[in-house]
Amino acid sequence: PAGAVLRVVRDFSYPLGVGSYNRYPLPLRVFVARVETRADRLEVHADVERIERFAREYRIVTEPLPARLAQKDAVQPVCRYVVLDAGGAVVRAGTAPVTPPGVFAVPLDGLARPLTALVAPAVGGNLTNAHVQAIRVE
């Protein structure tokens, strides 16, 4: 008489299950490891963080981007970029997806040099405190 009993049912067809919101308390980051300048593009090599879990413990591990691509069901990172001309005007901006063999390709075709490219790779939509790298292209 002084209590209540509630029947709880978990609907397994609901698309957001256990762990769906982990990206909020443990946001992962992507770091620029190195950049190679090609004739028509910048190739940005990156290191990606991932979480290793054991029971209630976890640790954040940094690994090269190609290793992330091999993981099944892993959220793939993207690289946002802004390209500036010698006067500091924006001449190109966009998002560079991952291309084989696991690099971000920032297109520079048709642009007069010298340029400065600002790249900010991110994973899971986490652009808070993103690692932004400025690259001078001659």
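This write-up is about the structure you can find in this document. Note that this is a predicted model, so its numbers are computed, not measured.

What follows covers the sheet that holds strand 8 (residues 115–122). As summarised here, the arrangement of the 4 strands in space is 5-4-8-9, forming an open sheet in which the pairing is antiparallel. Among the strands making up the open sheet, the edge pair consists of strand 5 (90–96) and strand 9 (133–137). Between one strand axis and the next, the sheet turns by 20° as a mean value, whatever way the strands run. For strand 8 and strand 9, the ladder comprises 5 bridges, and the chain directions are antiparallel. Counted as the bridge partner of Leu115 is Val137 from strand 9.

Right, let's talk about unusual backbone geometry for a bit. Cis geometry marks the peptide bond from Pro100 to Pro101, where omega comes out at 10°. With respect to the element layout, Pro101 can be found in the loop between strand 6 (98–99) and strand 7 (103–107).

Among the secondary structure elements, Val35 is positioned in strand 1 (residues 30–37). Not counting residues up to four positions away in its chain, the partners in contact with Val35 are Leu42, Glu43, Val44 and Ile135.

It is worth spelling out the nonpolar core at this point. With 22 residues, the main nonpolar core has Leu42, Val83, Phe104, Val106, Leu108 and Val119 as its most contacted residues. Of all the elements in the fold, those that place two or more residues in this core are strand 1, strand 2 (41–54), strand 4 (78–84), strand 7, strand 8 and strand 9. It is strand 2 that provides the largest number of residues to this core, a total of 4 residues.

What counts, and where the lines are drawn
Within every chain, residues take consecutive numbers counted from 1 along the sequence as written. Given that the model is predicted, a residue must reach a pLDDT of at least 70 before its local features are reported, and side-chain atom pairs must reach 80 or more before they are shown or counted; all residues, however, enter totals for whole chains, interfaces and linings. In computing side-chain properties, one takes all heavy atoms of the structure into account and sets aside hydrogens as well as water. Paired strands are those between which DSSP finds at least two bridges. Helix and strand labels come from DSSP, where a helix needs a run of H or I of at least four residues and a strand needs a run of E of at least two; each type is numbered from the N terminus. Convention adopted: a line fitted to C-alpha atoms gives each axis, helices being fitted over their contacting stretch, and angles between N-to-C directions are expressed from 0 to 180 degrees. The contact rule is simple, with two residues in contact once any of their heavy atoms fall within 4.5 Å. Working definition of a nonpolar core: buried Ala, Val, Leu, Ile, Met, Phe, Trp, Tyr and Cys residues. They are joined through side-chain atoms within 4.5 Å. Remark: exposure states derive from per-residue accessible area (1.4 Å probe, protein chains only) relative to the maximum for the residue type, with buried under 20%, exposed over 50%, and partly exposed in between.

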